[in-house]
Amino acid sequence: MKSETLKKAAVSTLVGATLVTGVVLLAPGWGDNPRPSPGAVSRARAAAGTGVPASLPDLSALIADRERWVSDHPRDDESWAVLGAAYVERGSRLADSEQYPKAEHALKRSLDVLPAKEGNTDALIGLAALAAARHDFATARTLGASAVRQKPRRWRAHAVLIDAYSGLGDHKAAGRSLDTLRKLSSGPQVLERETQIYWQRGRREDAAALAYDAAAKAATPVARAAALHQLGELVWERGEPAEAVRTFSAALDASPESHRSWAGRARALAALGRTDEAVRDYQEALSQVPLPEYALELGELYESMGLDGDATTQYERLREVVEDAADDGVDNDLVLARLEADHGDPQEAVRMLQAEWRSGHRSMYVADAMAWALYKADRPKEALPFLKPAAAPGMRSALFAYHRGQIERALEDYGPARRHLEEALRINPDFSPLFAPRARVALEALGEPPAGGPDDMFGDDADGEFTLDKKDQESREPSGEEAAGRPQEGSGREPGPGSGSGEATGGQAGTAGVSPQPGTPEPAPAQSSSPVPPSAAAAPGSPGTSAPGTSTAPPGPARTAAQIHPEQPAGSGAGPAGAAGSVPGSAASPAAPVGN
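Residues numbered from 1 in each chain as written. Predicted model: local features only at pLDDT ≥ 70, side-chain atom pairs only at ≥ 80, totals over all residues. Heavy atoms only, no water.

**Student:** Where do I start with the overall build of the protein chain in this structure?
**Tutor:** For the protein chain, the helix and strand inventory stands at 26 helices and 0 strands. Counting every position in the protein chain, which comprises 596 residues, the buried fraction comes to 55%. Put simply, 68% of the contacts in the protein chain that link residues at least 6 apart link residues at least 24 apart. Counting every atom, the protein chain has about 25000 Å² of accessible surface; 51% of that belongs to carbon and sulfur. (Helix = DSSP H or I, 4+ residues; strand = E, 2+ residues; numbered from the N terminus. Buried < 20%, exposed > 50% of the residue type's maximum accessible area, 1.4 Å probe, protein only. Contact = heavy atoms within 4.5 Å. Areas by Shrake-Rupley, 256 points an atom, 1.4 Å probe, with all protein chains shown as cover.)

Below is the structure:
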């Protein structure tokens, strides 16, 4: 029999990947003119009408009210649709997968009374939101598009489409849906999705400005907490843990049941070296909502502290949560694959992510996870085609940069490896208590590039020393124009090794075949055993070839393989706090000590 606690884990949300406020997609009508109950129910309906998240007690009151109503009025299609959408929202916000079968039943009852082809758009939108909550993004896209065709000006349908397109990795379509949504509505749900898309495209300052404005204009404590949580995530991602602690604390002051802010603050506290407080915050988040990623993060914190037994307990808890949620139709394979890649069976992680990719789930998160799983499975060359879709939207992610740097290092592509490891630590010096220290070790092993460029620029002779004969020397002497800095016409001078971006050095990262494009609808053939997308093809500069004018030699002759590829130790990722800022509507003073 399933544990009631574990059954709450329905939705696997990566940092920044899933909406904070849930899906407020309730139908606007009351069916056959039932009188709304006073107080909580009316507040929930009013909030839904404007796109503001209702409080959880008000949402529960609305559900109880509609359950009573449909038991006496089973032919009320609108009330069934309202009830189904409310179940989806409560399941999303509490990560309670048991709500989803109830939502499916209510929404299908609504369609039985009034079919979709006869105009039951609200039930269609509810089913689309349910599919997105279960991570069935292809179905969410199909149902959302049908709802838009029926009612082009129903903003809730466009909101669900944004979630579906984002899950499928079709960022252009998500942007188009956002443009339409902004013309139809301007509530918190719109600002939240707009902030999310700006962040995913690397426009962090624009995203932060939107989140700041949303927090300042929030009309309810729940809406303020949701906006502050988003702002806290943005502050954390740019490497300012002290300010992140203050921002998440402000979100918790507004709404103590904001489990995501408990986990967010735990992450920031761990970066500041306040590990005991971080553990308490993670435990609080898990006690409210046992999301699998919270268990993964707490397990990795324990592992960085040398508490391997406690870490294993959390990893096993994650597996149980994912298994229970799967019984209610929730696909949590992405977070489970992340666990397998780093703490279990990397080959199993590859198999799970292959299935995700072939089902059309080609977001940046799946692409990054696939590349990393292949690297951990000792297949780094196969990881290369997935680096491009992981980076394509433009989001600045320390974890993504770390993964890319380690993959390039394994392929002896040391210049790009050094650059991406430096980028990871520049974006957020303490992005993970487990992996940030490993990034520093890897970067130290690579060392500085040799002064003056590669020692062997043109090739070695038999004695290991390169010499030019007289004819070669004469041919290489600059003409008068060249010496004056004016190349002769048609001289054909090419940049030497190390010029350009360096992302494709040795014909590897960024050039291995044709990378899959985000949102490509056709899945790869099921019979293929390779995770590389079917469009990938051998091309100049693909693995196994070398691009002209590049070098894959390690930087400096004194470095041995053992120095460049040291054993990866676990350690704590505590580091200095970033610059302090201010939280909308709160003092900029340091946060009070964090307790349970």
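**Student:** Where do I start with the packing of aromatic side chains in this structure?
**Tutor:** Remark: the centre distance and the inter-plane angle together describe each pair of aromatic rings, the angle taken between the planes. Counted according to the given criterion, the structure contains 6 aromatic pairs. With 5.1 Å between their ring centres and 80 degrees between their planes, Trp357 and Phe386 make a pair best called edge-to-face. On the criterion of sequence distance, the pair formed by Trp357 in helix H18 (residues 346–358) and Phe386 in helix H20 (residues 380–391) is long-range, its members being 29 residues apart. Side by side, Trp357 and Phe386 carry an identical accessibility label, which is buried. Through pairs of rings, three or more aromatic residues link up here, namely Trp372, Tyr375, Tyr402, Phe431 and Phe435. (Phe/Tyr/Trp six-rings, centres within 6.5 Å; stacked < 30°, edge-to-face > 60°.)

**Student:** Looking at this model, I keep getting lost on the pattern of salt bridges. Mind explaining?
**Tutor:** Side-chain pairing between opposite charges can occur once the charged atoms of the two side chains come close. Scanning all chains against the criterion turns up 24 salt bridges. Between Arg274 and Glu277 there is a salt bridge, and its shortest N-O distance comes to 2.9 Å. Between Glu382 and Arg379 there is a salt bridge; the shortest N-O distance is 3.0 Å. (Salt bridge = Lys/Arg side-chain N within 4 Å of Asp/Glu carboxyl O.)

**Student:** What's the story with the environment of Tyr212 in this structure? I'm lost.
**Tutor:** Mapped onto the elements of the fold, Tyr212 is located in helix H10 (residues 204–217). Distance from Tyr212 to Leu231, taken between C-alpha atoms, is 6.6 Å for residues 19 residues apart in sequence.

**Student:** Would you mind going over unusual backbone geometry with me for this structure?
**Tutor:** Only a minority of non-glycine residues have a phi that is not negative, and only a minority of peptide bonds are not trans. Its identity is not glycine, yet Asp378 carries a phi of approximately 60 degrees, on the positive side. Within the secondary structure, Asp378 is located in the loop between helix H19 (364–376) and H20. The backbone of Glu412 sits at a positive phi, close to 60 degrees, despite the residue not being glycine. Summarising the element assignment, Glu412 is placed in the loop between helix H21 (398–410) and helix H22 (414–427).

**Student:** Hey, could you run me through the nonpolar core in this one?
**Tutor:** Generally speaking, soluble globular proteins have nonpolar side chains that are buried together. Counting residues in each nonpolar core, the largest one holds 88 residues, and the members touching the most others are Leu318, Leu353, Tyr402 and Phe431. Counting residues per element, this core draws most heavily on H19, at 11 residues. Contacts of Leu318, omitting those with residues within four sequence positions, involve Pro292, Ala295, Leu296, Val335, Leu336 and Leu339. Of all hydrophobic cores here, the second largest spans 41 residues; its members include Ala106, Val148, Ala174 and Ala325. (Core = buried A, V, L, I, M, F, W, Y, C linked by side-chain atoms within 4.5 Å.)

**Student:** What is the right way to look at the packing of H10 against helix H11 (residues 221–237) in this model?
**Tutor:** Look at H10 against H11: their axes get within 8 Å of each other, and the N-to-C directions meet at 155 degrees. Taken together, the axes of H10 and H11 are roughly antiparallel relative to one another. Between H10 and H11 lies a crossing of left-handed hand. Across from Arg204, Ala207, Ala208, Ala211, Tyr212, Ala214 and Ala215 in H10, the residues of H11 making contact are Arg224, Ala227, Leu228, Gln230, Leu231, Leu234 and Glu237. Within the contact of H10 with H11, the residues separate by chemical class into 10 nonpolar, 1 polar and 3 charged. (Axes fitted to C-alpha atoms, helices over the stretch in contact; angles between N-to-C directions. Parallel < 35°, antiparallel > 145°, perpendicular 65-115°, else oblique. Left-handed = near helix turned anticlockwise from the far one by under 90°. Nonpolar A, V, L, I, M, F, W, Y, C, P; charged D, E, K, R; others polar.)

**Student:** Is there a simple way to explain the packing of H11 against helix H12 (residues 241–254) in this structure?
**Tutor:** The relative placement of two packed helices is expressed as an angle between their axes plus a distance between the axes. At a minimum axis distance of 8 Å, the contact between H11 and H12 shows a crossing angle of 170 degrees. The angle between H11 and H12 falls in the class roughly antiparallel. Where H11 approaches H12, its residues Pro221, Arg224, Ala225, Leu228, His229, Leu231, Gly232, Glu233, Val235 and Trp236 are matched on the opposing element by Pro241, Glu243, Ala244, Thr247, Phe248, Ala250, Ala251 and Ala254. Residue classes in the contact of H11 with H12 are distributed as 12 nonpolar, 3 polar and 3 charged.

**Student:** Would you mind showing me how to read the environment of Asp328 here?
**Tutor:** Mapped onto the elements, Asp328 comes out in the loop between helix H16 (308–326) and helix H17 (333–343). Put simply, Asp328 and Pro101 are 227 residues apart on the chain and 6.6 Å apart in space, counted from C-alpha to C-alpha.

**Student:** I would appreciate a short explanation of H22 in the present structure.
**Tutor:** Three or four residues apart is the spacing at which side chains of an α-helix point the same way, because the helix has 3.6 residues per turn. With 14 residues, H22 extends 20 Å from end C-alpha to end C-alpha; this agrees with the ideal 20 Å at 1.5 Å per step. What H22 keeps buried is the set Tyr414, Pro416, Ala417, Arg418, His420, Leu421, Ala424, Leu425 and Ile427. (Expected span 1.5 Å × (residues − 1).)

**Student:** Help me out: how do you make sense of the environment of Ala355 in this one?
**Tutor:** Residue placement: Ala355 occurs in helix H18. The class for Ala355 is partly exposed, based on a relative accessible area of 44%. For the pair Ala355 and Asp333, spaced 22 residues apart in the sequence, the C-alpha separation amounts to 9.2 Å.

**Student:** When you look at the confidence of the model for the protein chain in this model, what are you seeing that I'm missing?
**Tutor:** In low-pLDDT regions, the fine details of the predicted coordinates are not to be read closely. Here the protein chain averages 78 in pLDDT, and 69% of its residues register 70 or above. Low pLDDT, under 50, characterises residues 1–37; the predicted model gives this stretch 148 contacts beyond four residues in sequence or across chains. Across residues 461–581 the pLDDT falls below 50, and counting only partners more than four positions away or on other chains, this stretch makes 197 contacts in the model. (pLDDT = per-residue confidence, 0-100.)

**Student:** Can you help me understand the side chain of His259 in this one?
**Tutor:** Tracing the backbone shows His259 in helix H13 (residues 259–271). For His259, a relative accessible area of 5% gives the class buried. Excluding residues within four positions of it along the chain, His259 makes contact with Arg93, Ala285, Gln288, Val289, Leu291 and Tyr294.

**Student:** I keep staring at helix H14 (residues 275–288) and nothing clicks. Help me out?
**Tutor:** With 14 residues, H14 should cover 20 Å at 1.5 Å per step; its first-to-last C-alpha distance of 20 Å lies within 8% of that length. Every buried residue of H14 is accounted for by Thr275, Glu277, Ala278, Val279, Asp281, Tyr282, Ala285, Leu286 and Gln288. Turning to H14, the residues buried within the fold contact H13, helix H15 (292–304) and H16.

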